[in-house]
Amino acid sequence: MEMEKVYDSKRVEEKWVKYWIENKTFSSKIDKDKKSFTIVIPPPNVTGSLHMGHALNDSLQDAIIRFRKMQGFNTLWVPGTDHGGIATQTVVEKLLKKEGKTKYDLGREKFVKKMWQWRQETGDTILDQLKKLGCGLDWDRTRFTMDEACSKAVKRAFKQFYDKGLIYRGKRLVNWCPRCNTALSDIEVEYHPEKGNLWYIKYPIKNSNDFLTVATTRPETMIGDTAVAVNPNDARYKDIVGKTIILPLVGREIKVVADYIVDMQFGTGAVKVTPAHDNVDYEIARRHNLEILEVIDSNGNMTNLVEKYKCMPAKEAREAIVSDLKEQGYLIKIEDYSHSVGKCYRCGTTIEPIMSEQWFLRVEEMSKRASQVAKNDKVKFYPASWKKPYTLWLDNLRDWCISRQIWWGHRIPVFYCIDEKGDKTSCPPIVEQNTPTKCPNCGNTHLVQDNDVLDTWFSSAMWPFSVFNWGEKPDNEELKYYYPTGVLVTGHEILYLWVARMVQMGLEFLDDIPFSDVFIHGIVRDKHGLKMSKSKGNVINPLEIMNEFGTDSLRFALSQSAAPGRDMQISNDSFLAARNFANKIWNASRFIFMNKGNIEVPQEPIVKETSDKWILDEYNKTIKTVTYSFEHYDIDVVSRTLYDFVWTKFCDWYIELSKIRMTSINIEEKRQVLSVLIYILKGTIKMLAPIMPFICDELWSILNNTKESIVKSSFPIYNEKFVFSNEANQMAIVQEIVSKIRNVRSEMNISPAAFITTKINVLDESKLPVVDFNKNYIKALGKIKNLIIGKNIAREKNSALTVATGLEIFIPLEGLIDIEKEKTRISKEIKNIILEQEKYNKKLSNPNFIAKAPKTEVERIKQKLLDTQSKIATLKETLKNYEK
RNA sequence: GGGCAGUUAGCUCAGCUAGGGAGAGCAUCUCCCUUACAAGGAGGAGGUCGCAGGUUCAAUCCCUGCACUGCCCACCA
């Protein structure tokens, strides 16, 4: 088997994507001997195609799934897509528009059929892209939020809610999107600051020449005012509360009410109250039993409240009303004013609060429970800082408007008994999981279904159990085995929209949390820290990155900055560094593989030398950190720890040291070092496999000459027998000496190819055996042909000097030494050590330090001071000799 | 208005949940195509750890206040 000199990601990725799918590597079935670990994918909308957000979200889930699988769990990651309600309907509507048609031209039935057709044709694009990303999903379980099982779950849930009295229909103030022509829930409204005006209007007091001035941002709604509100503590208006106002332009009489909600500081302290078009006003109206008059209808046009403005679009009506107010002397002034305006989260259109007949879900009880499980940490957040916002939101939640006036979605499973004329009879609505054929009340077979569909998030909220056929059979074995899931991985933007509701519904229907952990990752931003968006043109397409740098590089780069809750800035540099890392692993493996040849190497490492023990000690520590970090979703730490171990420990030092034994003609010597190299390499790629699955599976198959995926192997476990602190200390000394020698070589322009003579004068006698024992390492890494170690070795003329802790190192130079250069170098070294020394002196001259700091700390600093003193003495002595 | 993050080398970020050596990658400078890797190796330069106080023998780390940046929530007439 030949390995390419440069890792060929394309060849390898194609191979393994196919392998994992064909071999059903990630399929799961009930195995009661194993504990389950489940993740349900946050289902991407069928309209979607893979963007960086998905790439991050799904790479992280895949890493967790692969890790847990290797840890021995029976893992299951359920794939699927979301029908995406309004968003998806909008996409298809746009397609129709290109043909010059609207959904009304087709009619409901044909339009929905077209939606399904579209979904069939293009809806799985993103799933194919997830396959390319390497996601270890159980593809045979692919679900869709509108497939039969999910539909059954929705109907079951609706009926249970309804029977419990939690779902009700009523006319309430709702958020209405005039473009989507539907009601939205409170969290589907996004608030953006917008420049507008503040109009100050005179409201005359009845039987008086006096008037109140109100300030408003929406003058057109004034014709629907049913009160003016002031703060009860406002001295200015003390006598006016309870008086009657004549509403300008309309002439209707309205009362002045006192309500604590009014801010005395704002505007004039007097608020016009339009209950039908403002949340606050609606609440004031409820508290004071005010009449609710609708001014604007669902099309955004004026109602017939005032004949003159009837049917006018609200925007025109504003101009007309302002102009009329001005004309009649009611308008005092207009100020510029910037305030937040609600926008539809799907299309950005300004939301119009209007009165509308809708279905609502009572959430008070569910919210309490969902909040409670977070408070007592049954559901844990990573990072924990999201716990508070989550509970705060739930603790202040209002009823959820669940009906939407669109056609794409789960139609509300409520049927009405109708008479011959098509009018609803007095029979109660019929709510059944199975479509009813006749009215249970009167036996009539003329039934009609409610026109509305459910909020897309209603079905999403049931995703963790609807995918296990809860709708069909609420107590089935799979549900019992796989639910609750292990972790929910998501960005914070759908924490309320989705996560909180899954917890509510899970507790409601299964009496159990849907997941014990919520891992909230950040947002992928561009290199300037800006959110990626099509309009900014700063979108990085993950598919292009996969193509250019390799999928493992994309995954590694993302994971490397995926600290819980932190946004990340990425650029090509990140992917480039990751690609280089992949190549490094590839070549380290190539080196080991080539050297192995046909040599039989035992599975267990043969531990002989200091370096063996040192690297095993480092490897062992790495296992500990990586495992802990995986379990706590610190995926960034996992990646960085492995990067550091592979590059700076394994490659830079151990592999370099291994070359001494590798070139030996003694086959046993080679076998021994190979046993350690291979042992560590295999363990390392196991740890890396969850993040870089392609290259690791490829290397695994080469090293083991196997066709079994690496995810079927077990994750390395921390092992007490590989703790070698003594050897770790020895290696630290070796590394210090080698670095010092390299430094001198570099600064004195000694060719990297040249072999040199080096003498080490050991001042600290305890170090003599260590240095002597490991002299081969120093020779190899310092490129030394002649190494002399001893006590009382004197520096000969024409040799460069450097000092390490307890040691003096002399490097005799060929020919004449450049004295000026050497003097500069030594002076610099002295300067650095003096800086260090000053710190120690300062500490030790502080009597409080001696008295109060721990004895070990004082001793440590004293020792350090002695070291620096000795080093400086040596260096200065040498410098002095040059001066002569 | 309330809350949550962040502020460390030119850039991207670790370190802060054990207070006692300020680190990595990229960029930059010097040397090297040394038979795993030039997508590489060796070495260097670069930081008063946002500001001001406090606790402590000792603060990048703990506490308080402030500034700036970003995000979330809100009853912004």
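Every residue gets a number counted from 1 within its own chain, in the order that chain's sequence is written. Whichever chain is written first is A, and whichever ligand is written first is 1; the rest continue in order. Reporting in this predicted model follows two pLDDT cut-offs: at least 70 for local features of residues, and 80 or more for side-chain atom pairs to be given and counted; totals over whole chains, interfaces and linings ignore these cut-offs and use all residues. Only hydrogens and water are set aside; all other atoms, that is, all heavy atoms of the structure, feed into the side-chain values.

(A) Up close: the sheet that holds strand β26 (residues 756–762). Judged by pairing direction, the sheet is mixed, and its four strands sit side by side in the order β27-β26-β29-β28 without closing on themselves. With partners counted over all chains shown, the strands left at the sheet margins are β27 (784–790) and β28 (799–804), one partner each. Pairwise comparison of adjacent strand axes, ignoring direction, gives a mean angle of 20° for this sheet. Pairing between strands is defined by DSSP: at least two bridges between them are needed. For the purposes of this entry, the term helix denotes a DSSP run of H or I that reaches at least four residues, the term strand denotes a run of E that reaches at least two, and both are numbered from the N terminus. One ladder, built from four bridges, connects β26 with strand β29 (residues 807–812); its direction is antiparallel. Simply put, an axis is a line fit to the C-alpha atoms, just over the touching stretch for a helix, and the angle between two N-to-C directions goes from 0 to 180 degrees.

(B) Geometry of the nonpolar core. The term nonpolar core refers to a set of buried residues drawn from Ala, Val, Leu, Ile, Met, Phe, Trp, Tyr and Cys, joined through side-chain atoms within 4.5 Å. Burial classes follow relative accessibility: with a 1.4 Å probe on protein chains only, a residue under 20% of its type's maximum area counts as buried, one over 50% as exposed, and anything between as partly exposed. Ranked by internal contacts, the top residues of the largest apolar core, which has 187 residues, are Met52, Leu361, Phe458, Phe650 and Met692. A total of 12 residues in this core trace back to one element, the largest contributor, which is helix α19 (residues 635–662). Note on contacts: a residue pair qualifies if any of its non-hydrogen atoms lie within 4.5 Å across the two residues. Among all residues touching Leu361, those that are not within four sequence positions of it are Phe161, Leu166, Ile167, Met366, Asp399, Trp400, Ile402 and Phe458. Among the nonpolar cores identified, the runner-up in size contains 31 residues, and Leu212, Val228, Tyr309 and Leu325 belong to it.

(C) Local environment of the protein's contact with RNA strand B. In these notes, residues near a molecule or strand are those with any non-hydrogen atom within 4 Å of it. The environment of RNA strand B is made up of 58 residues, and the closest members are Thr217, Ile261, Asp263, Tyr337 and Ser340. Taking the atoms of RNA strand B that fall within 4 Å of the protein, sugar and phosphate contribute 64% of them. Between Lys584 and RNA strand B, the recorded distance is 2.9 Å, taken from a side-chain N or O atom to a base nitrogen. Lys839 is positioned such that a nitrogen or oxygen atom in its side chain is 2.7 Å from a phosphate oxygen of RNA strand B. The element contributing the most residues to the surface near RNA strand B is helix α17 (residues 572–596), with 11 residues. By the convention adopted, Pro, Cys, Tyr, Trp, Phe, Met, Ile, Leu, Val and Ala count as nonpolar, Lys, Arg, Asp and Glu as charged, and the other residues, Gly among them, as polar. Partitioned by chemical class, the residues of the surface near RNA strand B number 23 nonpolar, 14 polar and 21 charged. By the criterion applied in these results, polar contacts are pairs of N or O atoms within 3.5 Å in which, for protein atoms, one can donate a hydrogen and the other can accept it, and in which residues neighboring in sequence qualify only through two side-chain atoms.

(D) Helix α10 (residues 387–395), seen in detail. Along α10, the positions that sit buried rather than exposed are Tyr390, Thr391, Trp393 and Leu394. Each buried residue of α10 lies within a common arc of 160° when the element is viewed along its axis, so the set occupies one face. On its buried face, α10 sits against α9 (364–375), β15 (380–382) and α14 (495–510). What the arc describes is the spread of directions from the helix axis to the C-beta atoms.

(E) View of α9. With 12 residues, α9 extends 16 Å from end C-alpha to end C-alpha; this agrees with the ideal 16 Å at 1.5 Å per step. What α9 keeps buried is the set Met366, Ser367, Ala370, Ser371, Val373 and Ala374. Axial view of α9: buried residues confined to an arc of 160°, hence all on one face. For α9, the exposed residues set more than 90 degrees away from the buried face come down to Glu364 and Glu365. A positive backbone phi angle near 65° is found at Asp377, which sits one or two residues after α9. Here a helix's expected span is defined as the number of its residues, less one, multiplied by 1.5 Å.

(F) Structural context of empty space enclosed by the protein. Site definitions follow a grid-based scheme: protein atoms alone, a 1 Å grid, a 1.4 Å probe that fits but cannot get out for cavities, and for pockets an open set with protein on both sides within 12 Å along at least five of seven lines, plus lining residues having an atom within 4 Å of a point. Grid points are joined across faces, edges and corners, and a volume is the space filled by probe spheres set on the points. Considering all chains together, one arrives at three cavities of 30 Å³ or more under this definition. Of the pockets and cavities examined, the largest cavity occupies roughly 60 Å³. Around the largest cavity sit Gly84, Gly85, Ile86, Ala87, Glu188, Tyr345, Arg346, Arg404, Ile406, Leu454, Asp455 and Thr456, which together line it. The leading source of residues in the lining of the largest cavity is helix α3 (residues 85–98), at three residues.

(G) Summary view of the packing of aromatic side chains. Any Phe, Tyr or Trp ring, taking Trp's six-membered ring, that has another such ring centre within 6.5 Å forms a pair; planes under 30 degrees apart are called stacked, those over 60 apart edge-to-face, and the others tilted. For the structure on display, the rule yields 42 aromatic pairs. A centroid spacing of 4.7 Å and a plane angle of 40° characterise the contact between Phe581 and Tyr643, whose relative ring orientation is tilted. Of the two residues, Phe581 is situated in helix α17 and Tyr643 in helix α19; the sequence distance between them amounts to 62 residues. Its relative accessible area of 26% is what places Tyr643 among the partly exposed residues. Three or more aromatic residues joined by ring pairs make a cluster, and in this case those are Phe161, Trp400, Phe458, Phe465, Trp470, Tyr483 and Phe509. Should the NZ of a Lys or the CZ of an Arg lie within 6 Å of a ring centre and within 35 degrees of the ring normal, that charge is described as sitting over the ring. Positioned above the aromatic ring of Trp139, the side-chain terminus of Lys131 is 4.7 Å from the ring centre. The ring of Tyr718 carries the charged tip of Lys624 above its face, separated from the ring centre by 4.6 Å.

(H) Seen up close, a nonpolar patch on the surface. Only residues whose relative accessible area exceeds 30% and that form no salt bridge enter a patch; like-charged residues are grouped when within 9 Å of one another, and nonpolar side chains (Val, Leu, Ile, Met, Phe, Trp, Tyr) when within 5 Å. Residue-level accessible areas treat just the shown protein chains as cover; the underlying method is Shrake-Rupley with a 1.4 Å probe. The rule for a salt bridge is simple: a side-chain nitrogen of Lys or Arg has to be within 4 Å of a carboxyl oxygen of Asp or Glu. A surface patch of nonpolar side chains, about 280 Å² in accessible area, is lined by Tyr260, Ile261 and Val280. Take Tyr260: its relative accessible area is 57%, and that puts it in the exposed class.

(I) Quick peek at the sheet that holds strand β18 (residues 414–417). Pairing in this open sheet of three strands is antiparallel, and the strands run β19-β18-β20 from one edge to the other. At either margin of the open sheet sits one strand with a lone partner, and together these are β19 (430–431) and β20 (447–449). Two strands pair when backbone bridges link them, and β18 and β20 are joined in this way by three bridges, in the antiparallel orientation. Bridging from a neighbouring strand, Tyr416 pairs with Val448 of β20.

(J) View of the environment of Thr349. Here Thr349 shows up in the loop between β13 (331–344) and β14 (352–361). When its relative accessible area of 23% is taken as the criterion, Thr349 is described as partly exposed. When the C-alpha positions of Thr349 and Gln735 are compared, they lie 65 Å apart, and in sequence the two are 386 residues distant. Residue contacts for Thr349: discarding those within four places in its chain leaves Cys177, Pro178, Arg179, Gly342, Lys343 and Cys344.

(K) The pairing of strand β2 (residues 74–78), seen in detail. A large share of β2 lies buried, amounting to five of its five residues. One ladder, built from five bridges, connects strand β1 (residues 36–40) with β2; its direction is parallel. Across the sheet, residue Val40 finds its bridge partner in β2, namely Val78. Here, the term right-handed applies to a crossover whose path from the first strand over the helix to the second runs clockwise when the strands point away from the viewer. As a crossover connection, the stretch from β1 through helix α2 (residues 52–70) into β2 is right-handed.

(L) Broad picture of the pattern of salt bridges. Overall, the coordinates contain 61 salt bridges when judged by the stated rule. One salt bridge connects Arg398 with Glu283, and the closest N-O pair in it is separated by 3.7 Å. One end of the pair, Arg398, is in the loop between α10 and β16 (400–401); the other, Glu283, is in helix α7 (residues 279–288), with 115 residues separating them in the sequence. The partly exposed category is assigned to Glu283, whose relative accessible area is 27%. Among the ionic pairs, Arg661 bridges to Glu609, the shortest N-O distance being 3.6 Å. Of this pair, Arg661 sits in helix α19 while Glu609 sits in the loop between α17 and α18 (610–631), and the two are 52 residues apart along the sequence. Residue Arg661 is classed as buried on the basis of its relative accessible area, which comes to 5%.

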